[in-house]
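One-letter residues, chain by chain:
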Amino acid sequence: MTQDELKKAAAWAALEFVNENTIVGVGTGSTVNHFIDALDTVKDTITGAVSSSEASTEKLKALGIEVFELNDVSSLDVYVDGADEINPHNEMIKGGGAALTREKIVSAVAKQFVCIVDESKEVTTLGAFPLPVEVIPMARSYVARELVKLGGDPVYREGVVTDNGNVILDVHNLDISNAKELELTINQIVGVVTNGLFAHRGADKVIIGTKNGPQIK
Ligand SMILES: O=C(CO)[C@H](O)[C@H](O)COP(=O)(O)O
């Protein structure tokens, strides 16, 4: 099976966590795109969705799924999203698609975070995937120097502007043995909007697309 087929299998298995008459939190990325296709098959049973990116919003609306503003929704049963890496504690690196800030906001509102990944995303220790950090544009060089002090090698993701009008630094070679601590440390740097460590709000359920079928942990 290809990586995309494994992503698709994990995404469709997430329908199990979608309840009737609810608003579903929807993430961003190629795995989530499969989930949105799956959601299309049950769209008459749900109230609608809250989305974490312009890209997902566009896809949801094109299928006729109503997209609500997060400010108009007081709670979400479930948020379904992919990840770039996930460790055995269900801590993740996210933001490969530059949607990390809205993803963190929508997931904070949800009672349950269901992470959908193919098996290549499972790691023992986070950090082989460079950590995305969303930064206010004028703070880019300052934040980069501070990230170097933390042992990282930040690389400016040229040509990318987030849905919030900010830029992304992808930080290589960080020691992420303590993801919760590093998440807070990086958030303390002035000019950082969010970093892609989802450790304090990790996944509650993980659906892994494997060659033997989707496994739910
Ligand atoms: O965090 C994300 C976007 O900001 C995605 O969930 C992550 O990059 C995984 O993407 P894909 O499903 O395409 O592998």
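Residues numbered from 1 in each chain as written. Predicted model: local features only at pLDDT ≥ 70, side-chain atom pairs only at ≥ 80, totals over all residues. Heavy atoms only, no water.

### Side note on the sheet that holds strand β13 (residues 213-216)
Next, step 1: Across the sheet, which stays open at both edges, the six strands sit in the order β2-β1-β3-β6-β12-β13 with mixed pairing between neighbours. Looking along the sheet, the strands with just one partner apiece sit at the ends: β2 (48-51) and β13. Taking the axes of each pair of neighbouring strands and ignoring which way they run, one obtains an average angle of 25° across the sheet. (Pairing = 2+ DSSP bridges. Helix = DSSP H or I, 4+ residues; strand = E, 2+ residues; numbered from the N terminus. Axes fitted to C-alpha atoms, helices over the stretch in contact; angles between N-to-C directions.)

### What about the sheet that holds strand β4 (residues 85-86)?
Next, step 1: Across the sheet, three strands lie side by side as β4-β5-β11; this open sheet has antiparallel pairing. What marks the edges here is a single partner per strand, and that holds for β4 and β11 (197-198).
Next, step 2: Judged from the two bridges that link them, β4 and strand β5 (residues 92-93) form a sheet pairing that is antiparallel. Looking across to β5, one finds that Ile86 is bridged to Met92.

### Here we look at the packing of helix α2 (residues 30-40) against helix α3 (residues 54-62)
Next, step 1: Look at α2 against α3: their axes get within 10 Å of each other, and the N-to-C directions meet at 25°. On the basis of the axis angle, α2 is roughly parallel to α3. Handedness of the α2/α3 crossing: right-handed. Here Val32, Asn33, Ile36, Asp37 and Leu39 of α2 come into contact with α3, specifically with Ser56, Lys59 and Leu60.
Next, step 2: Classifying every residue of the contact of α2 with α3 gives four nonpolar, two polar and two charged. (Parallel < 35°, antiparallel > 145°, perpendicular 65-115°, else oblique. Left-handed = near helix turned anticlockwise from the far one by under 90°. Contact = heavy atoms within 4.5 Å. Nonpolar A, V, L, I, M, F, W, Y, C, P; charged D, E, K, R; others polar.)

### As for the packing of helix α1 (residues 3-13) against α2
Next, step 1: Where α1 contacts α2, the two axes come as close as 8 Å, and the packing angle between them is 45°. By the angle class used here, α1 and α2 are oblique. Seen from above, α1 lies across α2 with right-handed handedness. Here Asp4, Lys7, Lys8, Ala11 and Trp12 of α1 come into contact with α2, specifically with Ser30, Thr31, His34, Phe35, Asp37 and Ala38.
Next, step 2: The residue inventory of the contact of α1 with α2, partitioned by class, reads four nonpolar, three polar and four charged.

### Some details on the pairing of strand β7 (residues 131-135)
Next, step 1: Of all five residues in β7, five are buried, a share of seventy percent or more.
Next, step 2: Residues of β7 alternate between two faces, with Leu131, Val133 and Val135 on one and Pro132 and Glu134 on the opposite face, all of them buried.
Next, step 3: Pairing of β7 with strand β9 (residues 167-172) involves five bridges; the strand directions are antiparallel. Paired with Leu131 across the strands is Val171, a residue of β9.
Next, step 4: Examined bridge by bridge, β7 and strand β10 (residues 192-195) share three bridges and lie antiparallel to one another. Within β10, the position partnered with Val135 by the bridge is Val192. (Buried < 20%, exposed > 50% of the residue type's maximum accessible area, 1.4 Å probe, protein only.)

### Observations regarding the site of the ligand
Next, step 1: Near the ligand lie 17 residues; those nearest to it are Ser30, Thr31, Asp84, Gly95 and Lys121.
Next, step 2: Note that an oxygen atom of the ligand is positioned 3.2 Å from one of the backbone N or O atoms of Ala99.
Next, step 3: Separating an oxygen atom of the ligand from a side-chain N or O atom of Glu103 is a distance of 3.1 Å.
Next, step 4: Compared with its free state, where it exposes 380 Å², the ligand has 92% of that area covered by protein. (Near = heavy atom within 4 Å. Polar contact = N/O pair within 3.5 Å; in protein donor to acceptor, adjacent residues only side chain to side chain. Areas by Shrake-Rupley, 256 points an atom, 1.4 Å probe, with all protein chains shown as cover.)

### Considering the domain arrangement of the protein chain
Next, step 1: What the domain assignment lists for the protein chain is domain 1 (3-123 + 200-216) and domain 2 (131-196).
Next, step 2: Taking only C-alpha atoms, the centre of domain 1 and the centre of domain 2 are 24 Å apart.
Next, step 3: The partner domain 2 presents 18 residues to the 15 residues of domain 1 that form the contact.
Next, step 4: When domain 1 packs against domain 2, the two sides together hide about 1,400 Å² of surface, and 52% of this comes from carbon and sulfur.
Next, step 5: Seen at the junction of domain 1 and domain 2, the total is two salt bridges.
Next, step 6: With a shortest N-O distance of 2.8 Å, Glu183 and Lys104 are connected by a salt bridge.
Next, step 7: Inspection of the domain 1/domain 2 interface yields 13 residue pairs in polar contact (both at pLDDT 80 or more). (Domains from an automatic or database assignment. Buried area = accessible area lost by both parts, 1.4 Å probe. Salt bridge = Lys/Arg side-chain N within 4 Å of Asp/Glu carboxyl O.)

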